[in-house]
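Analysis of the macromolecular model
Below, each chain spelled out in residue letters.
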Amino acid sequence: NLDKSIDHKALHDTFSTFGNILSCKIVTDPHGQSKGYGFVQFDNEDAAQNAIDKYLLDLFFESRKGKVW
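Keep in mind that this is a model prediction, so the values were computed, not measured. (Residues numbered from 1 in each chain as written. Predicted model: local features only at pLDDT ≥ 70, side-chain atom pairs only at ≥ 80, totals over all residues. Heavy atoms only, no water.)

A few words now on the environment of F42. Considering the arrangement of structural elements, one finds F42 in strand 2 (residues 34-42). Look at F42 and you get buried, because its relative accessible area is 11%. F42 sits 20 residues away from L22 along the chain, and the two C-alpha atoms are 5.4 Å apart. Those residues in contact with F42 that sit more than four places away from it in its chain are F15, F18, G19, N20, I21, L22, A47, A48 and A51. (Helix = DSSP H or I, 4+ residues; strand = E, 2+ residues; numbered from the N terminus. Buried < 20%, exposed > 50% of the residue type's maximum accessible area, 1.4 Å probe, protein only. Contact = heavy atoms within 4.5 Å.)

Laid out in structure tokens, this is it:
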């Protein structure tokens, strides 16, 4: 679960350190409020795996652990 304060730019800026991002999106409700999850698509599997590995260390999202699918 992403903190509701995380926006598209924060998600992109965080994950761009792991590789080239093809697409990045925070899922929102009809009112534009974050639903607490998003998607990041990298241009290669190694970048995606590196992001998963580092994300589990909780580098950016403070004490909240998210799930990378």
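On we go from here.
Turning next to the pairing of strand 2. Here six bridges tie strand 1 (residues 21-28) to strand 2, and the two strands are oriented antiparallel to one another. Bridged to T28 within strand 2 is S34. What sits between strand 1 and strand 2 in their antiparallel hairpin is a turn of five residues, with G32 showing a positive phi close to 85 degrees. (Pairing = 2+ DSSP bridges.)

All right, on to the packing of aromatic side chains then. On inspection of all chains with the given rule, the structure shows two aromatic pairs. Between the aromatic rings of F15 and F18, the centroid separation amounts to 6.0 Å while the plane-to-plane angle is 55 degrees, which identifies the pairing as tilted. Taking relative accessible area as the criterion, F15 reaches 6% and is therefore assigned buried. Classification of F18 by relative accessible area gives buried; the value is 17%. Ring centres of Y37 and F39 lie 6.0 Å apart, and the angle between their planes is 85 degrees; this geometry places the pair in the edge-to-face category. When its relative accessible area of 38% is taken as the criterion, Y37 is described as partly exposed. (Phe/Tyr/Trp six-rings, centres within 6.5 Å; stacked < 30°, edge-to-face > 60°.)

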